[in-house]
Amino acid sequence: MTGEVGDVALSAAETVILEDAMKSPDSPIRDIQHRTGFAQSHVSAVIARLRSLGALETVADPGDGRRTLVRVAPGALRAMTGRGARDAAPALAAALHDEAAARRATALLEELAGILL
């Protein structure tokens, strides 16, 4: 909803793996594979794409140099935080084609956020 021109579009698998890396930083690829249920080759390919986008970083495991650890890149965390902070009102107004309905929807979403958060 708060997407803008120039934002990177992620596939469902990319989103799942990025979320997993956020929840479990410095995880080996094998652990990500187990948690997501994706094949190891698919996890590796997705991680490579997310690395090329600057969303993930990989480092050698200091305890076992054969393993690769995955974490979200600091710049990606800042970008995601910024995207989450964008005002949804303009997107609601464009989608609803009605300013009053957009204001009401915004108020309801703020109320819901207050309840849930």
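Just above sits the structure.
Residues numbered from 1 in each chain as written. Predicted model: local features only at pLDDT ≥ 70, side-chain atom pairs only at ≥ 80, totals over all residues. Heavy atoms only, no water.

Caption draft 1: Region of interest: the overall build of the chain. If you tally the helices and strands in the chain, you get six helices and three strands. A sequence separation of at least 24 residues applies to 47% of the contacts in the chain between residues at least 6 apart. Taken as a whole, the chain presents about 7600 Å² of accessible surface, with 57% of it coming from carbon and sulfur. (Helix = DSSP H or I, 4+ residues; strand = E, 2+ residues; numbered from the N terminus. Contact = heavy atoms within 4.5 Å. Areas by Shrake-Rupley, 256 points an atom, 1.4 Å probe, with all protein chains shown as cover.)

Caption draft 2: The pairing of strand E3 (residues 64-72), seen in detail. Note: strand E1 (residues 27-28) against E3, two bridges, orientation antiparallel. Bridge pairing in E3 links Ser27 to Val70. In this structure, strand E2 (residues 56-61) lies alongside E3, joined through six bridges in antiparallel fashion. Residue pairing for E3: Leu56 is matched across the bridge by Val72. (Pairing = 2+ DSSP bridges.)

Caption draft 3: Quick peek at unusual backbone geometry. One non-glycine residue, Asp26, adopts positive backbone phi at about 60 degrees. Structurally, the position occupied by Asp26 is in the loop between helix H1 (12-23) and E1. A positive phi is found at His97, a non-glycine position, where the angle reads about 55 degrees. Position of His97 among the secondary structure elements: in the loop between helix H5 (89-96) and helix H6 (99-116).

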